[in-house]
Amino acid sequence: MVIVMDADEEATGDNTENLEEEVTAEEEDQEEPINDEVVVEIIHEEEVKEEDDDCDGLVSEIVSLIEFLDQITEYRRTQQKECFNLVRRLKILVPFLEEIRGFESPRCRHFVKRLRKVILVAKKLLETCNNGSKIFLALDSESMMTRFHSIYEKLNRVLVKAPFDEMIISDDVKEEIDSLCKQLKKAKRRTDTQDIELAVDMMVVFSKTDPRNSDSAIIERLAKKLELQTIDDLKTETIAIKSLIQDKGGLCIETKQHIIELLNKFKKLQGLEATDILYQPVINKAFTKSKSLILPHEFLCPITLEIMQDPVIIATGQTYEKDSIQKWFDKGHKTCPKTRQELEHLSLAPNFALKNLIMQWCEKNNFKLPEKETSPHSENEQKDEVSLLVEALSSSHLEEQRTSVKQMRLLARENPENRVLIANAGAIPLLVQLLSYPDSGIQENAVTTLLNLSIDEVNKKLISNEGAIPNIIEILQNGNREARENSAAALFSLSMLDENKVTIGLSDGIPPLVDLLQHGTLRGKKDALTALFNLSLNSANKGRAIDAGIVQPLLNLLKDRNLGMIDEALSILLLLASHPEGRQAIGQLSFIESLVEFIRQGTPKNKECATSVLLELGSNNSSFILAALQFGVYEYLVEITTSGTNRAQRKANALIQLISKSEQI
């Protein structure tokens, strides 16, 4: 769930010629494959006009598309800001398009066609953000941001190569386009600071080992952030997830199950019955002309939800399509995807009985089994590409290493499959070696690539087993700004494994995180904060964090509401309050007054966190309770027992009982 932040670089040059030279250079160095795939999809989905289409007709179509997109008023919260930014930038094109009507030269026509393709890609993305699954869009936020950046890059390339020498446009409009190009060039390098709390909560609920993965307070908070709190919202989300599962063939079984499990947790909050969308009978894509024909669900592979052509049985007795289950095993899994049981062996046995039943059913219903799709960019080609990049990592030519690690960083960011491919190709040991390379650019890209790879649970272990943690800490101490921030994010990701919490603590990783928390940029502070929270779940690390001086930076965060990190700071203080030295360090009268103030007039989450901290402090020392009573905490707690979040109500009631006991004493 950690989003990679690319450097926010200013566009250079004041004229179109300079912009074109820069973009052309980028076009050679940084192709974004995701966008080309989307373009192919769109062209296939929406018929492209014939070659003899006139320029005016294409311009009218583009203007209509932009006006249509301007009418969309709601987007999923996780992509809302970027969607409105994209539409705002597209609207700048309208006056320009109106002025180029009537120009029919081949170059003008070619330019308008290229522009139309980019607008169609933008339309597809915006529609996804308008009606797609909220859970999936939050889970896949990194990839979605990559798609936005890809559109900005493509749009920039098209505009800077516009045949302005053949177009008669006003100076004002020309200035608007030049300004837009600079905006696009800047925007494609920038990622807005993510919602750290949302990212952490998503990572927690999807973790198999984190004991908080069923915490009702976290589930409630996620439901609120994703706006899935009403029955109607949940019905709409259920439909969106069903559509996602049927349409998105590349979605792995784990992701599908994670999404459905979280949906059912949200349903439980509203008193609704949980449903197993994954194994409900579905209408296969091949039956679009005969929608009444429904596949028996036992004919469907549980992984792909497509009709099986080569069904095989695994050790648990479950049946899967051979290619699908083999890919599951190739990723290092040794469990049954459906039952989660550990497998005694990975042997596959053909299920001839089921295959015969499927063949008989197809013959009876006059249905032809779909041919297995062959992608133009097959898995073997992708493996070859990754292998070449891995080979280049150990090249003796510095520039070749730079290019390779940069491309690998982009590949690792794109999707889970790439992360597995890169790891299986043996890239991780080489990337770890590059962490100590005396080149800041290579260091930055290497640590960011490892950050992206660490999103995969298996890769977390591979990275730590290669001894990467001390090198990452070294970059955290001495690297450039972005390298330090991404090192902190990498430590956060790796610290999801309990053994890595210990390793990071013993490797003196906590002091530089505290330093980043105190002196870093806003994004640096947030990366450090999330890492420190995770590390402080380990008892020994609480003492290390206190010794490193974590308390004062946390107290500073409480004083500045504009930073938006109050809840995160209070969450860490809650962990420290369970440590004797922590209670001593934070138990100042001024801090107790601040807690009471948050309990009185903070946000619902502020009140919940502050009440929890005060309860932890008061449970160990009644003097904290007496101090809080002096600031009028009792009446505020009574109010929370009826109006707070579920967790806040529980904590407030426990604190009131503690106050009663203190008064009796």
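Only a predicted model underlies this, so the values are computations on that prediction, with no experimental measurement involved.

**So, the overall build of the chain**
Per the secondary structure count, the chain includes 35 helices and 3 strands. In the chain, which comprises 665 residues, the share counted as buried stands at 52%. Long-range contacts, defined here as pairs at least 24 residues apart, represent 71% of the contacts in the chain between residues at least 6 apart. When the accessible surface of the chain is totalled, it reaches about 30400 Å², and 48% of it is carbon and sulfur.

**What about the environment of Gln-477?**
As for its position among the elements, Gln-477 is in helix H22 (residues 468-478). When its relative accessible area of 41% is taken as the criterion, Gln-477 is described as partly exposed. Excluding anything up to four places from it in sequence, Gln-477 contacts Arg-484 and Pro-512.

**Section: a negative patch on the surface**
On the surface, a cluster of negative charge is made up of Asp-171, Asp-172, Glu-175 and Glu-176. Counting through the fold element by element, Glu-176 comes out in helix H9 (residues 171-187).

**Topic: the environment of Gln-183**
Looking at where Gln-183 falls in the secondary structure, it is placed in helix H9. Judged by relative accessible area, which is 25%, Gln-183 ranks as partly exposed. The sequence separation of Gln-183 and Tyr-152 amounts to 31 residues, and the corresponding C-alpha distance is 9.0 Å.

**As for the packing of helix H3 (residues 55-70) against helix H6 (residues 106-131)**
Helices that pack against each other are described as a pair by the angle of their axes relative to one another and the distance between those axes. At their nearest, the axes of H3 and H6 sit 10 Å apart, and the two run at 20 degrees to each other. Taken together, the axis directions place H3 and H6 in an arrangement best described as roughly parallel. Every pair of crossing elements has a handedness; the one defined by H3 and H6 is left-handed. Touching Cys-55, Leu-58, Val-59, Glu-61, Ile-62, Leu-65, Ile-66, Phe-68 and Leu-69 of H3 are Cys-108, Arg-109, Val-112, Lys-113, Leu-115, Arg-116, Ile-119, Leu-120, Lys-123, Leu-126 and Glu-127, all from H6. In the contact of H3 with H6, the residues fall into 14 nonpolar, no polar and 6 charged.

**Considering the packing of aromatic side chains**
Any two aromatic rings considered together are summarised by their centre-to-centre distance and by the angle between their planes. Across all of its chains, the model carries 4 aromatic pairs by this definition. A ring pair is formed by Phe-96 and Phe-111, whose centres lie 6.0 Å apart and whose planes are at 70 degrees; its orientation type is edge-to-face. Of this pair, Phe-96 sits in helix H5 (residues 93-99) while Phe-111 is found in helix H6, placing the two residues 15 residues apart along the sequence. The residues Phe-96 and Phe-111 share a single accessibility class, namely buried. Cluster of aromatic residues (ring-pair linked, three or more members): Phe-96, Phe-111 and Phe-164. The ring centre of Tyr-152 lies 4.9 Å from the NZ or CZ of Arg-89, which sits over that ring.

**Re the pattern of salt bridges**
Enumeration according to the criterion identifies 22 salt bridges in this entry. Its salt-bridge partner being Lys-91, residue Asp-70 comes within 3.5 Å of it at the nearest N-O pair. Residue Asp-70 is found in helix H3, and its partner Lys-91 is found in helix H4 (residues 80-91); the two are separated by 21 residues along the sequence. A relative accessible area of 39% means that Lys-91 is categorised as partly exposed. The shortest N-O distance in the salt bridge between Asp-515 and Arg-484 comes to 3.3 Å. Residue Asp-515 is located in helix H25 (residues 510-519), and its partner Arg-484 is located in helix H23 (residues 481-494); the two are separated by 31 residues in the primary sequence. Its relative accessible area of 33% is what places Asp-515 among the partly exposed residues. Salt bridges sharing partners connect three or more residues here, namely Arg-221, Lys-605, Glu-608 and Arg-647.

**Brief notes about the environment of Ile-428**
The topology assignment puts Ile-428 in helix H19 (residues 427-434). The contact partners of Ile-428, leaving out residues within four places of it in the chain, are Ala-423, Leu-450, Leu-453, Asn-459, Leu-462, Ile-463 and Glu-466.

**Quick look at the packing of H25 against helix H28 (residues 551-559)**
Interhelical geometry of H25 versus H28 gives an angle of 25 degrees and a closest axis separation of 9 Å. On the basis of the axis angle, H25 is roughly parallel to H28. Like other packed secondary-structure pairs, H25 and H28 cross with a definite hand, here left-handed. Contacts from Val-514, Leu-517 and Gln-518 in H25 reach Pro-553, Leu-554 and Leu-557 in H28.

About the cut-offs
Residues numbered from 1 in each chain as written. Predicted model: local features only at pLDDT ≥ 70, side-chain atom pairs only at ≥ 80, totals over all residues. Heavy atoms only, no water. Helix = DSSP H or I, 4+ residues; strand = E, 2+ residues; numbered from the N terminus. Buried < 20%, exposed > 50% of the residue type's maximum accessible area, 1.4 Å probe, protein only. Contact = heavy atoms within 4.5 Å. Areas by Shrake-Rupley, 256 points an atom, 1.4 Å probe, with all protein chains shown as cover. Patch = residues over 30% accessible without salt bridge, like charges linked within 9 Å, V, L, I, M, F, W, Y side chains within 5 Å. Salt bridge = Lys/Arg side-chain N within 4 Å of Asp/Glu carboxyl O. Lys, Arg positive; Asp, Glu negative; His and termini not counted. Charge placed at Lys NZ, Arg CZ, Asp CG, Glu CD. Axes fitted to C-alpha atoms, helices over the stretch in contact; angles between N-to-C directions. Parallel < 35°, antiparallel > 145°, perpendicular 65-115°, else oblique. Left-handed = near helix turned anticlockwise from the far one by under 90°. Nonpolar A, V, L, I, M, F, W, Y, C, P; charged D, E, K, R; others polar. Phe/Tyr/Trp six-rings, centres within 6.5 Å; stacked < 30°, edge-to-face > 60°. Lys NZ or Arg CZ within 6 Å of the ring centre and 35° of its normal.

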